[in-house]
Amino acid sequence: MSRASQTSIPCTLMRGGTSKGPFFLASDLPSDGPTRDRVLLAAMGSPDPRQIDGVGGADPLTSKVAIVSRSSRPGIDVEYVFAQVSVDRPLVDVTPTCGNMLAAVGPFAIERGLVAPTDPITSVTIYMVNTGTVAVAHVPTPGGEVTYAGGAAIAGVPGTAAAIRIDFRDTTGSVCGALLPTGNALDQLDGIEATLIDNGMPMVVLRASDFGKSGYEAPAELNSDQKLKARLEAIRILAGERMGLGDVHSKVIPKITLIAPPQSGGHVMTRTFIPHKCHPAIGVLMAVTVGTACVLPGSVAYGIVSVQDEPVQQVSIEHPSGEFSVEFQVEHTGGETKVIRSSLIRTARALFRGELLVPANVWVGKESRPSADVPGTMQHA
Ligand code: NQM
């Protein structure tokens, strides 16, 4: 194929937590949303269940893209747009953010020269464009260079790597505008009790036992249970309406978590659907949001979870491949629960640096580099 038949785009393939995908500078991508989405679909090889004609990994967790740029907002270093590229549908959803891909934003921003490193840690303040919220990632940079080597293990990733601490400041109501979008800690959806909550990720928290499940089933078993999945989807559609998200048939939010009593010394066991497939672990902002439900008086977690009522609380969330700890600073005032901060540890690694090629008939490339970010809504290519 001649060089002119493809457009090359500078790219770093990165693992962020338990997710993986290409990282781009916003200035290297098209500035209009529909063209950008066509480029991302072509880059990942979607729609196709195997994503054979692109770099997507044929799974929602490896069909993710991060777009990063320098920020001009006061106190913010960089802006991060997350794009969930559907594997088998021509859809790019920029409604939610992703806390796993977020873990790699700091290292990428430092290595691409957007943030000057300091020794031994560089704190990168990141504006998450999808949700309009802020996170601070503390990236190990001994001697002023990003290091990926270290002793931190996270469930779902083999081996160990350098710990990146992430502090979330203001994730409450990230998409829905309120921690409890219906105003209730407990709602009824089609006869089932649910907590509809958004502390970084809109979630429907349900009891596994209300669906005849233990909550300890393997993801593959839950994924093959078509009756359960149809029931959960019906509840999710109802929940989406109640949470002010409108018709969520073709949206990836809200996500769903089935909870059960812990099995290994944690506070709660989870099986999380993103939203149609059971996650092999649990997403970052899903863990933050489910953990918040666990410290919320009157939620569906009541009677399943017992967390000490302290100003700073550690919640250990068990999932199919291990556990995820989130530290919360919480204030209960006048019957309202306010989460001041949540913190957790992730790891990340740069896997490949180079140029990603897309057919020139999808995009001919850039003539000039706009500085604007690419906001977006769900696009049908
Ligand atoms: O909740 C999965 C993941 C995620 C999202 C998904 C995430 C989060 O595990 O912040 O990280 O929703 O597809 O990467």
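Numbers given to residues run from 1 along each chain, matching the order in which its sequence is written. With pLDDT at 70 or above as the cut-off, local features in this predicted model cover only qualifying residues; side-chain atom pairs require 80 or more to be listed or tallied, and sums for whole chains, interfaces and linings still use all residues. Where side-chain values are given, they derive from all heavy atoms of the structure, hydrogens and water being excluded.

**Details of the side chain of Gln-84**
- Topologically, Gln-84 is positioned in strand S4 (residues 78-85).
- Using a relative accessible area of 9% as the deciding quantity, one classes Gln-84 as buried.
- Pairs of N or O atoms within 3.5 Å make up the polar contacts considered here, provided that, within protein, one atom can donate a hydrogen while the other can accept it, and that residues adjacent in sequence are counted only when both atoms are side-chain atoms. Among the polar contacts made by the side chain of Gln-84, one reaches the main-chain carbonyl oxygen of Pro-60 at a distance of 2.9 Å.
- A distance of 3.4 Å separates a polar side-chain atom of Gln-84 from the backbone oxygen of Ser-63.
- Two residues form a contact once any of their heavy atoms are found within 4.5 Å. The residues contacting Gln-84, other than those within four sequence positions of it, are Pro-60, Ser-63, Lys-64, Leu-91, Val-92, Asp-93 and Val-252. In this description a helix means any DSSP run of H or I spanning at least four residues, a strand means any run of E spanning at least two, and both kinds are numbered starting from the N terminus. Burial classification: accessible surface area is computed with a 1.4 Å probe over protein chains only, and a residue below 20% of its type maximum counts as buried, one above 50% as exposed, and the rest as partly exposed.

**Focus: helix H6 (residues 284-294)**
- When you tally the buried positions in H6, you get 11 out of 11 residues, the bulk of the element.
- Among the residues of H6, those classed as buried are Val-284, Leu-285, Met-286, Ala-287, Val-288, Thr-289, Val-290, Gly-291, Thr-292, Ala-293 and Cys-294.

**Overview of the site of the ligand**
- Any residue with a non-hydrogen atom lying within 4 Å of a molecule or strand is treated as near it. Taken together, 15 residues lie near the ligand, and Ser-19, Gly-99, Lys-255, His-279 and Leu-285 sit nearest.
- With respect to the ligand, the side chain of Lys-64 contributes an N or O atom lying 2.9 Å from an oxygen atom.
- Residue burial considers only the protein chains on display, and all accessible areas are found by Shrake-Rupley using a 1.4 Å probe. In isolation the ligand exposes 350 Å². Once the protein is present, 99% of that is buried.
- Mapping the ligand onto the cavity grids shows that it belongs to the largest cavity.
- Elements supplying a minimum of two residues to the shell around the ligand: helix H2 (99-102) and H6.
- Element by element, the count of residues in the shell around the ligand is highest for H6, at three residues.
- Looking at the shell around the ligand residue by residue, the class counts come to seven nonpolar, six polar and two charged.
- Counting residues domain by domain, the shell around the ligand receives three or more from each of domain 1 (6-163 + 348-359) and domain 2 (187-343). We place a 1 Å grid over just the protein atoms. Points where a 1.4 Å probe fits but has no way out form a cavity, open points with protein on both sides within 12 Å along at least 5 of 7 lines form a pocket, and any residue with an atom within 4 Å of a point lines it. Assignment to a cavity or pocket requires that more than half of a molecule's atoms be within 2 Å of the site's grid points. Residue type decides the class: Asp, Glu, Lys and Arg count as charged, Ala, Val, Leu, Ile, Met, Phe, Trp, Tyr, Cys and Pro as nonpolar, and the leftover types, Gly among them, as polar. Domain start and stop positions are those given by an automatic or database domain assignment.

**So, the environment of Arg-70**
- Take Arg-70: it is sitting in strand S3 (residues 64-70).
- Along the primary structure Arg-70 and Ser-86 are separated by 16 residues, whereas in three dimensions their C-alpha atoms are 27 Å apart.
- Beyond its immediate sequence surroundings of up to four residues, Arg-70 is in contact with Asp-77, Val-78, Glu-79, Gly-113 and Leu-114.
- A polar side-chain atom of Arg-70 sits 2.9 Å from the main-chain carbonyl oxygen of Gly-113.

**Concerning the domain arrangement of the protein chain**
- Split into domains, the protein chain comes out as domain 1 (6-163 + 348-359) and domain 2 (187-343).
- In this assembly, 16 residues from domain 1 lie in contact with 19 residues from domain 2.
- Buried area: the sum, over both parts, of the accessible surface (1.4 Å probe) that disappears when the two are put together. Together, the buried faces of domain 1 and domain 2 total about 1200 Å²; carbon and sulfur atoms form 67% of this surface.
- A per-residue breakdown of the area domain 1 buries against domain 2 is headed by Leu-61, Pro-96 and Ala-155, which together make up 30% of the total.

**A look at the environment of Ile-197**
- By the element assignment, Ile-197 lies in strand S10 (residues 192-198).
- Note on Ile-197: relative accessible area 0%, which makes it buried.
- For Ile-197 and Pro-30, which are 167 residues apart along the polypeptide, the C-alpha to C-alpha distance reads 34 Å.
- Each residue touching Ile-197, except ones within four places of it in the same chain, is listed here: Leu-179, Leu-180, Pro-181, Pro-202, Met-203, Val-205, Met-243, Thr-289, Thr-292, Ala-293 and Leu-296.

**Thoughts on the nonpolar core**
- Counting residues in each nonpolar core, the largest one holds 88 residues, and the members touching the most others are Tyr-80, Phe-168 and Leu-206.
- Tallying contributions element by element places H6 first for this core, with eight residues.
- Each of domain 1 (6-163 + 348-359) and domain 2 (187-343) contributes no fewer than three residues to this core.
- With near-sequence residues (within four places) excluded, Phe-168 lies in contact with Leu-102, Met-128, Val-134, Ala-135, Val-284, Leu-285, Val-288, Ile-340, Arg-341, Ser-342 and Leu-344.
- We call a set of buried Ala, Val, Leu, Ile, Met, Phe, Trp, Tyr and Cys residues a nonpolar core when their side-chain atoms join them within 4.5 Å. Of all hydrophobic cores here, the second largest spans 21 residues; its members include Cys-11, Ile-67, Val-81 and Leu-356.

**Here's the deal with the packing of aromatic side chains**
- Ring pairs shown here join Phe, Tyr and Trp side chains whose ring centres sit within 6.5 Å, with only the six-membered ring taken for Trp; geometry is labelled stacked below 30 degrees between planes, edge-to-face above 60, and tilted in between. All told, the structure shown has one aromatic pair when counted by the stated rule.
- Seen in terms of ring centroids, Phe-23 and Phe-108 are 5.5 Å apart; in terms of plane orientation they differ by 55°. Their pairing is tilted. One end of the pair, Phe-23, is in strand S2 (residues 19-25); the other, Phe-108, is in helix H3 (residues 105-111), and 85 residues separate them in sequence. Of the two residues, Phe-23 and Phe-108, both sit in the buried class.
- A cation over an aromatic ring shows up here: Arg-73 above the ring of Tyr-127, its NZ or CZ 3.8 Å from the ring centre. Lysine NZ or arginine CZ positioned within 6 Å of the ring centre and within 35 degrees of the ring normal marks a charge as sitting over the ring.

**A closer look at the pairing of S3**
- Of all seven residues that make up S3, six are buried, and the element is covered over most of its length.
- For S2 and S3, the ladder comprises three bridges, and the chain directions are parallel. From the neighbouring strand, Phe-23 faces S3, where its bridge partner is Ala-66.
- Here a crossover is taken to be right-handed if, once the strands point away from the viewer, the path from the first strand over the helix to the second is traced clockwise. Assessed by its sense of winding, the connection that carries the chain from S2 through helix H1 (residues 33-44) to S3 is right-handed. The rule for pairing is simple: two strands pair if DSSP sees at least two bridges between them.

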